[in-house]
Amino acid sequence: MITIGICDDEKNCIRELENVLQEISTDKTVQSFLSAEDMMDSLEKNRYDILFLDIMIGKRNGKEVAEYLRKQLRNYHTAIVWISSIKEKDVGLFDVNPFAFIEKPIHKEQVIEIVNRYISIKNMDSEVFIFDTIQAEGKNKQKLFIPYKDILFVEAQQRKLKIVTNKGVLETYGKISR
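Report on the accompanying structure.

Quick notes on the rules
- Residues numbered from 1 in each chain as written.
- Predicted model: local features only at pLDDT ≥ 70, side-chain atom pairs only at ≥ 80, totals over all residues.
- Heavy atoms only, no water.
- Buried < 20%, exposed > 50% of the residue type's maximum accessible area, 1.4 Å probe, protein only.
- Helix = DSSP H or I, 4+ residues; strand = E, 2+ residues; numbered from the N terminus.
- Right-handed = clockwise from strand over helix to strand, strands pointing away.
- Pairing = 2+ DSSP bridges.
- Contact = heavy atoms within 4.5 Å.

1. What about the pairing of strand β1 (residues 2-7)?
- Of all 6 residues making up β1, 6 are buried, and the element is well covered by its neighbours.
- Side chains Ile 2, Ile 4 and Ile 6 of β1 all project onto a buried face; the interleaved residues Thr 3, Gly 5 and Cys 7 project onto the opposite face, where all are buried too.
- Read from β1 through helix α1 (residues 11-23) to strand β2 (residues 28-33), the crossover connection turns out right-handed.
- Pairing between β1 and strand β3 (residues 50-54): 4 bridges, direction parallel. Across the sheet, residue Cys 7 finds its bridge partner in β3, namely Leu 53.

Shown next, in the form of structure tokens:
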């Protein structure tokens with residue numbers, strides 16, 4: 001399940017994005033906001049996977065919301081997707097590590113591609129390396145599941161593999177090529 005936030009002061013743009021997002025078959029929740037202030041209040045209480053954020057939102061701008069998300073809330077996991085009718089991109093918009101940029105009018109295919117790309121990246125984080133540990137004689141081998149994102153490197157010595165993770169070192173027998 002993914003949670004998506006939309007923040008734009010144009011109701012038509014929000015409605016357009018919501019309609020496109022409804023066509024995507026993944027399990028999702030979508031919340032929409034017409035002001036930067038409401039979006040910022042929600043960010044304090046809720047976590048979003050993707051945030052579609054207009055650059056110019058009424059009195060405030062989307063960059064303030066993005067900086068609040070990154071610097072004040074220290075949230076670096078939410079994917080920020082800039083939405084704008086302005087053709088030129090302010091270099092400062094990239095200071096908050098955005099995931100994508102969409103120009104208005106919204107194109108359905110572009111939104112679908114962005115959400116699918118996010119889902120693919122998120123799914124990669126859940127892939128695991130499965131292996132049996134080396135045990136002392138008479139003990140049963142233990143099957144371990146280590147997320148690929150936790151593996152720092154694998155070292156091979158003969159048939160013995162040393163798997164160095166961010167939590168320690170594990171050993172098994174095998175080949176790196178498998």
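2. A closer look at the environment of Ile 102
- Within the secondary structure, Ile 102 sits in strand β7 (residues 100-103).
- With 50 residues separating them in the primary sequence, Ile 102 and Phe 52 have C-alpha atoms 9.0 Å apart.

3. Quick word on the side chain of Ser 84
- As for its position among the elements, Ser 84 is in strand β6 (residues 79-84).
- Excluding residues within four positions of it along the chain, Ser 84 makes contact with Asp 54, Ile 55, Phe 101, Ile 102, Glu 103 and Lys 104.

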